[in-house]
Amino acid sequence: MDILTINDRPGEHAPSWYAATAEAPGPYPVATGAVKADVCVVGGGYAGLSTALHLARRGLDVVLLEASRIGSGASGRNGGQVSMGQRLEQGDLEEQLGPDQARVLWDMGAQAVDLVKTLLRESGDECDWRDGVIHANHRARFSDESKAHVAHMQAVYGYDKIRYLDRDAVRFETGSEDYHSGTLDMGSGHLHPLRYAFAIARLAEGAGARLHEMSRVTRIETTGKPRIHTDKAVIEADHLVMALNGYHNNITPDVARHVMPINNFIAVTEPLPEPLAAKLTPNRHAVADSRFVINYFRMSPDNRMIFGGGESYGYKFPSDLRAKVRGPMSGVYPELKNITLDYAWGGTLGITMSRLPHFTRLGPAAMSISGFSGQGVALATLAGQIAAETVEGQAARFDLFRSLPAPRFPGGPRLRTPLLAAAMTWYALRDKF
């Protein structure tokens, strides 16, 4: 299985609403011949672009290699939600890691959101940023947990941008009878994810980073001075940063044991009449619900519902992506059951068993940053900043993430597809019943 080509054509962005409403930078040249650099970065998503940007701003000569187009992976296809904290709630982190380390991870998650906002300002493109992310409970029994979470965040962390939504409030904010309660976090927000990737690329290019597209890495050497091979180039660098997340394609076997690719699907409706759009999301907040096979959605500036949902049982995308998303979308919004879906696409993200990022050393001068588990807009951006400072010998934040629990997925890559199918089937049934 080739995760880079099983669903996509190299050199093309997914046929998404994002690609239709964003102007791509470049195109950037293919890497050729013998290339030397201070640092080679592999991966043209948020993590890789952020790494290249922050290294270039430190005065280092940086070469970035992207197998397809900048932002063509999960960074250009996701739901656009930029959330505070980590993928796990603070209470769960406190139980697993203790209150002190949980506090550090909260602070770093907040720094990640701040960094996204800073880069938006520096780029001159706000990328349709809007404040507000709702976590909506599809079961009434989750209400007490949400109340306790809000109280805990306010009392222990002094975080006053989150509030509890009762039944009437959550149904008003989401326009859906499917939800029983929830929380509204005004410290989080949402944006146009592909435009954001392009914005970082332009900043990195402006800082002096050398960006290359259609330059797929075929082999890396990390035991000594890193050497990175493509079919047309060999890059010799003092340092290597692998930033591939779900598209690692097992090129780094140790990372593949800890980071599993999974697919997600999004569809976008035709523009909705203003009264209907205002009913469904009156305050234009993004929503993510409590299902394990999560539904996440928001309204676009031109009144299109951008809806992500639907489980996947293998790595090949379903033949009818519109039907795949229409089912869960109709469950949340019956009034959209027969609406025209102008766009539909799939993408691949990387998850870990712990749902915490996976940072690791690949050699004396090589590292990998990945496993953002659906929290990548903010955390991958921060990971790039952390990788840059680590290259220059400031490894405290890298080592913190490196020390987090990192259990392996069972079975290895060969058993991953059947295990994924079994797991997704089980959790999809649990959500329904």
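Thoughts on the overall build of the protein chain
Here is step 1 of the chain: Regarding its fold elements, the protein chain presents 13 helices and 17 strands.
Here is step 2 of the chain: Its C-alpha atoms give the protein chain a radius of gyration of 21 Å, near enough to 22 Å, the size a compact globule of 433 residues would have.
Here is step 3 of the chain: On the principal axes, the C-alpha backbone points of the protein chain span a range of 60 × 45 × 45 Å.
Here is step 4 of the chain: Classification of the 433 residues of the protein chain by burial places 59% in the buried group.

Some thoughts on a negative patch on the surface
Here is step 1 of the chain: Taken together, the side chains of Glu89, Asp92, Glu95 and Glu145 make up a negatively charged region of the molecular surface.
Here is step 2 of the chain: In this fold, glutamate 89 is placed in the loop between strand E3 (81-82) and helix H3 (90-97).
Here is step 3 of the chain: Looking at glutamate 89, the relative accessible area reads 38%, which means it is partly exposed.

Let's talk about the nonpolar core
Here is step 1 of the chain: Within the largest apolar cluster, 79 residues are counted, with the highest numbers of intra-cluster contacts made by Leu191, Tyr196 and Ile369.
Here is step 2 of the chain: With residues up to four places along the chain from it excluded, the contact list for tyrosine 196 reads Tyr46, Val116, Leu119, Leu120, Cys127, Leu191, Val377 and Thr381.
Here is step 3 of the chain: Grouped together as the second largest cluster of nonpolar side chains are 26 residues, Ile134, Tyr179, Leu184 and Ala277 included.

Digging into unusual backbone geometry
Here is step 1 of the chain: Between glycine 26 and proline 27 the backbone carries a cis peptide bond, its omega angle lying at 5 degrees.
Here is step 2 of the chain: Relative to the elements of secondary structure, proline 27 occurs in the loop between helix H1 (17-20) and strand E1 (33-42).
Here is step 3 of the chain: We note that asparagine 245 has phi near 50 degrees; this positive angle belongs to a residue other than glycine.
Here is step 4 of the chain: If you trace the backbone, asparagine 245 turns up in the loop between strand E10 (233-242) and helix H8 (253-258).
Here is step 5 of the chain: Residue classification places asparagine 245 among the buried residues on the basis of a relative accessible area of 16%.
Here is step 6 of the chain: Even without a glycine there, the phi angle at asparagine 250 is positive, about 65 degrees.
Here is step 7 of the chain: In this structure, asparagine 250 sits in the loop between E10 and H8.

Here we look at helix H2 (residues 46-57)
Here is step 1 of the chain: If you check H2, its first and last C-alpha atoms are 16 Å apart, about what 12 residues at 1.5 Å a residue would give, namely 16 Å.
Here is step 2 of the chain: Most of H2 sits out of view: 11 of its 12 residues are buried.
Here is step 3 of the chain: The set of residues buried in H2 consists of Tyr46, Ala47, Gly48, Leu49, Ser50, Thr51, Ala52, Leu53, His54, Leu55 and Ala56.
Here is step 4 of the chain: The positive-phi residue at the C-terminal boundary of H2 is glycine 59, with phi of around 90 degrees.

Section: the pairing of strand E2 (residues 62-65)
Here is step 1 of the chain: Burial of the side chains of E2 extends over both faces: Val62 and Leu64 are buried on one face and Val63 and Leu65 on the other.
Here is step 2 of the chain: Here E1 pairs with E2 via 4 bridges, running parallel. From the neighbouring strand, valine 41 faces E2, where its bridge partner is leucine 64.
Here is step 3 of the chain: The handedness of the E1 to E2 crossover, carried by H2, is right-handed.
Here is step 4 of the chain: Strand direction decides the pairing type here: E2 and strand E7 (residues 210-212), joined by 3 bridges, are parallel. Looking across to E7, one finds that leucine 65 is bridged to histidine 212.

Conventions we followed
Residues numbered from 1 in each chain as written. Predicted model: local features only at pLDDT ≥ 70, side-chain atom pairs only at ≥ 80, totals over all residues. Heavy atoms only, no water. Helix = DSSP H or I, 4+ residues; strand = E, 2+ residues; numbered from the N terminus. Rg over C-alpha atoms; globule rule 2.2 N^0.38 Å. Buried < 20%, exposed > 50% of the residue type's maximum accessible area, 1.4 Å probe, protein only. Patch = residues over 30% accessible without salt bridge, like charges linked within 9 Å, V, L, I, M, F, W, Y side chains within 5 Å. Areas by Shrake-Rupley, 256 points an atom, 1.4 Å probe, with all protein chains shown as cover. Salt bridge = Lys/Arg side-chain N within 4 Å of Asp/Glu carboxyl O. Lys, Arg positive; Asp, Glu negative; His and termini not counted. Charge placed at Lys NZ, Arg CZ, Asp CG, Glu CD. Core = buried A, V, L, I, M, F, W, Y, C linked by side-chain atoms within 4.5 Å. Contact = heavy atoms within 4.5 Å. Expected span 1.5 Å × (residues − 1). Pairing = 2+ DSSP bridges. Right-handed = clockwise from strand over helix to strand, strands pointing away.

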